[in-house]
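These are the residues of each chain, in order.
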Amino acid sequence: MIPTLSLRHLIPLLFFASGLILVTAFYVVGRPATIQQARELALERAQIDIQSLQGRLNAVLFRGDVRRIGTDIFFAATNPRVEFLAVVEPDGTILSAHRSKLIGENIFTLFTDVHRDTLAKAITRGRFTLEPVEGDENRVIAYAGLTILDAPGQERYVGLVQIEDFDDLIANMSRIASFSSELMLVLIVTLALVLARVLNRRLSTRLVPLIDGARHIAAGKENVRIGLKGEDEFAELSHAFDDMSLQIDHNRTDLIKTRDMAEAANQAQSQFLAGINHEIRTPLTGVIGYLDLLSNQNIPPRAEGYVAAAEQSARSLLTLIDDVLDASRLQDGNNTLKLAPVCLNLIVQQVVDGMMPDIRAKDLALGIHSSQSDPIWIESDARVIRQIMLTLVSNAIKFTPSGRIDISIEVNPRADGRNDVLFSVSDTGIGMSDFIREQLLEGNDDVLQGSNTTRSGLGFSICRQMVLLLDGTIDIDSHEGQGSRFLAKFVATPCAPQILENSMERLSSLDKRRLNILCLEADYLGRTLLENMLQNLGHDAACFADADSAFESLGHTLIYPDRPRFDLAIIDSEIVGIAVNDFIARLRRANSTYARLPTIIISTRGEDERTRFTDSGANGFIQKPFSTNRLSQEIFAATRVSQIGEHGDTAAE
Amino acid sequence: MFAMMSLRITSAWLRLGIAILASVVALTACSEERSEGYLRIGANPWAGYEPFFIADELNLFRPGYVHMVETPQALGLSQALRNGTIDAAAMTLSRVIRWPDPASRPVVLMVLDHSNGLDKVMARPGIQSVADLRGRRVGAELDTVNGYVLARALELNGLSLDDVTVVNLENDELHDAYVSGDIDAMAGFGRPIAAARQDGAVELFSSAEIPGEIIDIFVARPDSLEEHPMGFEEAILGWMRAMDTLATWPEDEDFPSGALRPGVLRNQLDGVQLSSAANNLNLMREDTGGLHQVIERRWQAAIARGVAPAGHDAPRIDPRPFMAAYKRYLAEVGR
């Protein structure tokens, strides 16, 4: 309790305790000493009393005036301390006493405390004696000798015995000592109370504003000032407090400015990255698309290699852009999970499909393993999982010059009804040292910089943060020259299998017909690429650079019988003059014929934008750049029509 | 919250402080009560005063308040009281009446006993009644109770002191004067009366015929009343307790040393009636005025005999100590 007691209670309490100790010490030491002193004083008084009486009695007795004994005894006995007073014969017979009824009694019978020997010494030797009563130190027996002159020359000797009770005297002395202690106690209590009161008022008026000020600052209030006047410690503390508060205000202002600047910079960076993304993806869409088209032409075998190298370089550049954008999003803290049913097997398949050219190029063996015979469905964010898988598989390919890569997915039910999901990628590649492994696990990709061991130095770091986003862990088991195994582990809720709209296995059994497709793409290169791809897929494409032209063409299909109506619209999200959402809305409203026209959005924006477009009425979404195959999948998903051109076989890959 | 807590703790401190202060004040008050010291009461060894000594020996006084001192017969008790050797005394009303100095005259506090036949008028055989005393020589100490008894006897029989020849003799001298033939009759008490009876004297009158007029009283120095208010209350209360003890004390059991044995006491009380608390209460009442009347009568008689100075008030009665003690006594005995 003491350590937490406030000052205004602690100080008076300590004062009170000190006083109490002082008073107790006085009681323990001072009072007994006073009593002892009182007893010594009592002995002295008893001696004076009996010597005085002895003198008076001896004087009258020596004159033979025996009748005067009674008078002197009366006067002596008026002293309230005198309990007993008698003149006695040597054998103890009382000759005269303070009570006449005692005359003739024997003193030794009456008082056992009166000692025969002491009385005898007093009578025969004239020895004066004082002794306390046994067991009662406050009572004193005094013995003295008297001489009676019965006749000239006839002396006889008797004794004088007096018992005095000093109880009152000693009690009074003790009371005086006690009273001073009590007075001291009263003084201490009074002072302690006054001290408590003064401290209470002082601290209430001086300390409470400081406490309130601190609370206001803690609550985030600005411009808090205590402003205590005076020259005491509290005023000093108040000034220091006000200075601190002022400094906090300055710091807060600076921090707000810095934060605003940082946010502005961040926004600018995001805008810049978005712009860069768009600017790079647009030409890359052309490059990859045309390389894709070119690879399906009859070209010399030597040129095939050139095309493949060019395509790989373009895809590397694309991956770099993806990494940079992902890193930027993670730094912004905008990367929140969007939970939806996810098929792990499908994601693996899609990732592997994308990587197949690289795997084939290195002639690596690939093994895909699942803990279950059926597809594994969980509630999670497909985009995040895809990113993790993509990074791990692409790294495995990158650092495995030869040998094999094994990908495995595994789910283990937990007690809480959820699943432990494990995703691992093993390779027989170059492996890594323990130092690099530890640095990677701590999120430091810089160790890989300059070592020519990664594409951007961002991949694993992003992958690791993605795993953390899933509340999961990632571990690396690697030995230099012996390959590596990356194991991502997270917890997810299982969910029921969903119908796969774009299942490749179903393509061959579905509708195959030529579609008339309206394409709206501002970029010339993109427009011609899209037209070529669609023609390659066996469809007809009418491409427009702006919305007005597209709407005009749509109108022509309604009023001119020779103009076939459109079965599908593929619209670039960056069309000039109108937002894509407004374009779709206008399209739906324009005519009942096109109210349900399937629409696919192509965009340089990421997959995370898909929902935004589908919520606006679009039926599909493709991120640029894309392959003919990807285009075919999305067209099928939107129209249930498979490709009919020469490129159809590639979908089976 | 802060202020409330402060208030609560401060009030707790205040309560503690007040409690300690109250305790100390109580202790101090006790000390004050004891500061008046002992009340010293002087009394002759006389049966009428014995309840005081019995109270002393049986510790019936509250400790620290009353100190009993036995006064030897030879001592001038009046002087001891006047000089402050003692604060209070048990004495006859006569002594108070003939007190020489009105300013220091003791104040009457209560009646201890009254003579119920102890004081007598005796005469030679042949003198048949008080009326026969006309013209006779009668021995009596005029300024004492003996003179009063003689005067009252004569008065009740239609005579006065002028009708007889009063020979002023002390009590102890009466028998010798009777034997020598100097006197025909005597007014006295105790041993001379018994001796005269043995010599054939006849009893003409006794104090039993004037009940309540020959009294022994408890008196106080005027200034000691203010100095020892508690002491007087304790003394009277102790006396009342002793009276009760005396009434119930077994016949064959001795009192403690210093007090008379019950048998001796009862012998000495022959002709004397101890005054009970209830009797005192009746005497003290101003309306019935028992004690006031007795004192006034005695006072006027004393003036008439020239014993008391004319032009002064009769001895004063202060009923306060008795009343305070009686109230406590009633509480003690459950009435």
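Residues numbered from 1 in each chain as written. Chains lettered and ligands numbered in written order. Predicted model: local features only at pLDDT ≥ 70, side-chain atom pairs only at ≥ 80, totals over all residues. Heavy atoms only, no water.

We now examine the overall build of chain B. Secondary structure assignment for chain B yields 13 helices and 11 strands. Scored against the burial criterion, the 335 residues of chain B give a buried share of 53%. For chain B, restricting intrachain contacts to residue pairs at least 6 apart in sequence, the fraction spanning at least 24 positions comes to 78%. Counting every atom, chain B has about 14,700 Å² of accessible surface; 51% of that belongs to carbon and sulfur. (Helix = DSSP H or I, 4+ residues; strand = E, 2+ residues; numbered from the N terminus. Buried < 20%, exposed > 50% of the residue type's maximum accessible area, 1.4 Å probe, protein only. Contact = heavy atoms within 4.5 Å. Areas by Shrake-Rupley, 256 points an atom, 1.4 Å probe, with all protein chains shown as cover.)

Our next topic: the overall build of chain A. Helix and strand content of chain A: 16 helices and 19 strands. Counting across all 653 residues of chain A, residues that qualify as buried make up 44%. A fraction of 66% describes how many contacts in chain A between residues 6 or more apart in sequence connect residues 24 or more apart. With an accessible surface of roughly 33,000 Å², chain A has 54% of that area assigned to carbon and sulfur atoms. Counting 64 positive and 85 negative side-chain charges, chain A places the centres of these two groups 6 Å from one another. (Lys, Arg positive; Asp, Glu negative; His and termini not counted. Charge placed at Lys NZ, Arg CZ, Asp CG, Glu CD.)

What follows is about the sheet that holds strand β17 (residues 599-603) of chain A. Residues and elements named next belong to chain A. Spatially, five strands are ordered β15-β14-β16-β17-β18 in an open sheet, and the strand pairing comes out parallel. What marks the edges here is a single partner per strand, and that holds for β15 (540-544) and β18 (620-623). In this sheet, adjacent strand axes meet at a mean angle of 20° when their direction is disregarded. Summarising the sheet, strand β14 (residues 516-520) and β15 pair through five bridges and their orientation is parallel. Bridged to Asn516 within β15 is Asp540. (Pairing = 2+ DSSP bridges. Axes fitted to C-alpha atoms, helices over the stretch in contact; angles between N-to-C directions.)

Residues and elements named next belong to chain A. Within the structure shown, the criterion is met by 46 salt bridges over all chains. Between Arg56 and Asp72 there is a salt bridge, with its nearest N and O atoms 3.2 Å apart. Here Asp72 lies in helix α2 (residues 68-77) and Arg56 lies in helix α1 (residues 7-62), a separation of 16 residues in the sequence. What makes Arg56 partly exposed here is its relative accessible area of 33%. One connected set of salt bridges, linked through shared partners, spans Arg45, Asp49, Arg81 and Glu164. (Salt bridge = Lys/Arg side-chain N within 4 Å of Asp/Glu carboxyl O.)

All names here are of chain B. Model confidence for chain B is summarised by a mean pLDDT of 86, while 87% of its residues fall at 70 or above. Across chain B, the element-wise mean pLDDT spans from 58 in helix α1 (residues 2-34) up to 96 in strand β6 (residues 137-140). In this model, residues 1-7 is a region of pLDDT below 50 whose contacts with residues beyond four sequence positions or in other chains number five contacts. (pLDDT = per-residue confidence, 0-100.)

Now for the domain arrangement of chain B. The accessible area lost on association of the parts is a frequent measure of interface size. Residues and elements named next belong to chain B. Segmentation of chain B into domains returns domain 1 (34-115 + 213-333) and domain 2 (119-209). Relative placement of domain 1 and domain 2: their C-alpha centres are 28 Å apart. Contacts between the two partners involve 10 residues from domain 1, matched on the other side by 12 residues from domain 2. For the pairing of domain 1 and domain 2, the buried interface totals around 980 Å² over both sides, and the portion due to carbon and sulfur atoms is 55%. Area buried by domain 1 at its contact with domain 2 is led by Ser115, Ile214 and Arg305, which between them contribute 52% of it. Counting across the domain 1 and domain 2 interface gives one salt bridge. Among the salt bridges present, the one from Arg152 reaches Glu213, with a minimum N-O distance of 2.7 Å. Run the count over domain 1 and domain 2 and you get seven residue pairs in polar contact (both at pLDDT 80 or more). No other element matches helix α12 (residues 290-305), which puts four residues into the side of domain 1 that touches domain 2. The class makeup of the residues in the side of domain 1 that touches domain 2 is three nonpolar, two polar and five charged. (Domains from an automatic or database assignment. Buried area = accessible area lost by both parts, 1.4 Å probe. Polar contact = N/O pair within 3.5 Å; in protein donor to acceptor, adjacent residues only side chain to side chain. Nonpolar A, V, L, I, M, F, W, Y, C, P; charged D, E, K, R; others polar.)

In this section: helix α5 (residues 145-156) of chain B. Quick reminder: α-helices carry 3.6 residues per turn. Residues three or four places apart thus point the same way. Residue and element names in this part refer to chain B. Between its first and last C-alpha, α5 extends 16 Å over 12 residues, near the 16 Å set by a 1.5 Å rise per residue. Burial within α5 is extensive, with 10 of its 12 residues counted as buried. Among the residues making up α5, those that are buried are Val145, Asn146, Gly147, Tyr148, Val149, Leu150, Ala151, Arg152, Ala153 and Leu154. Following α5 by one or two positions, Gly158 adopts a phi angle in the positive range, close to 80°. (Expected span 1.5 Å × (residues − 1).)

The next point concerns helix α11 (residues 277-284) of chain B. Taken as a whole, α11 of chain B has its buried residues at Ala277, Asn280, Leu281, Leu283 and Met284 of chain B. Taken around the axis of α11 of chain B, the buried residues stretch over an arc of 165°, which confines them to a single face. (Arc of directions from axis to C-beta.)

Residue and element names in this part refer to chain B. The residue Leu291 is located in helix α12 in this model. Exposure remark for Leu291: the relative accessible area of 1% places this residue in the buried category. When the C-alpha positions of Leu291 and Val179 are compared, they lie 38 Å apart, and in sequence the two are 112 residues distant. In contact with Leu291, other than residues within four places in its own chain, are Val108, Val111, Ile215, Leu283, Met284 and Ile317.

Our next topic: the pairing of strand β10 (residues 215-220) of chain B. All names here are of chain B. When you tally the buried positions in β10, you get six out of six residues, the bulk of the element. Alternating residues of β10 divide into Ile215, Ile217 and Val219 and Asp216, Phe218 and Ala220, and every residue in both groups is buried. Across five bridges, the pairing between strand β3 (residues 88-92) and β10 is antiparallel. Bridged to Thr92 within β10 is Asp216. Pairing between strand β4 (residues 107-115) and β10: six bridges, direction antiparallel. Residue pairing in the sheet places Asp113 in a bridge with Asp216 of β10.

A word on the sheet that holds β10 of chain B. All names here are of chain B. One open sheet holds the six strands; their spatial order is β2-β1-β3-β10-β4-β11, and the pairing between them is mixed. Two strands bound the open sheet, and with one partner strand each, they are β2 (66-70) and β11 (272-274). Strand-to-strand twist of the sheet, defined as the mean angle between neighbouring strand axes without regard to direction, takes the value 30°.

What follows deals with the packing of aromatic side chains. Under the defined criterion, the tally for this structure stands at nine aromatic pairs over all chains. Ring plane angle 15° and centroid distance 5.7 Å describe the contact between Phe613 of chain A and Phe621 of chain A, whose orientation is recorded as stacked. Here the two residues Phe613 of chain A and Phe621 of chain A agree in accessibility, since each one is buried. Seen from their ring centres, Phe322 of chain B and Tyr326 of chain B are 5.6 Å apart, and the 15° between their planes marks the pair as stacked. Of the two residues, Phe322 of chain B and Tyr326 of chain B both sit in helix α13 (residues 320-333), four residues apart, roughly one turn of that helix. (Phe/Tyr/Trp six-rings, centres within 6.5 Å; stacked < 30°, edge-to-face > 60°.)

Take a nonpolar patch on the surface next. Residues and elements named next belong to chain A. On the surface, a nonpolar cluster with roughly 500 Å² of combined accessible area is contributed by Leu7, Ile11, Phe15, Leu187, Leu191 and Leu195. Only α1 and α5 (167-218) provide two or more residues apiece to the nonpolar patch. With respect to the element layout, Leu7 can be found in helix α1. (Patch = residues over 30% accessible without salt bridge, like charges linked within 9 Å, V, L, I, M, F, W, Y side chains within 5 Å.)

Let us look at the layout of surface pockets. All names here are of chain B. Here the second largest pocket is characterised by a volume of approximately 1,200 Å³. Around the second largest pocket sit 38 residues that line it, and Asn44, Gln73, Thr92, Arg95 and Phe189 are the ones nearest its centre. Of all elements in the fold, only α3 (77-82), β3, α4 (93-97), β4, α5, α7 (191-198) and β10 reach the threshold of two or more residues within the lining of the second largest pocket. Broken down by class, the residue content of the lining of the second largest pocket amounts to 15 nonpolar, 13 polar and 10 charged. Two domains each provide a minimum of three residues to the lining of the second largest pocket, namely domain 1 (34-115 + 213-333) and domain 2 (119-209). (1 Å grid on protein atoms, 1.4 Å probe; cavity = no way out; pocket = protein on both sides within 12 Å on 5 of 7 lines; lining within 4 Å. Points joined across faces, edges and corners; volume = space filled by probe spheres on them.)

Residues and elements named next belong to chain B. The biggest cluster of nonpolar side chains holds 74 residues, and the ones touching the most others in it are Phe52, Phe218, Met240 and Leu291. No other element matches the 10 residues that helix α9 (residues 229-248) contributes to this core. Apart from residues no more than four positions distant in its own chain, Met240 is found in contact with Ala277, Phe322, Ala325, Tyr326 and Tyr329. (Core = buried A, V, L, I, M, F, W, Y, C linked by side-chain atoms within 4.5 Å.)

Attention shifts here to the domain arrangement of chain A. Segmenting chain A into domains produces domain 1 (2-174), domain 2 (336-494) and domain 3 (507-652). Using C-alpha coordinates to define each centre, domain 1 of chain A is positioned 133 Å away from domain 3 of chain A.

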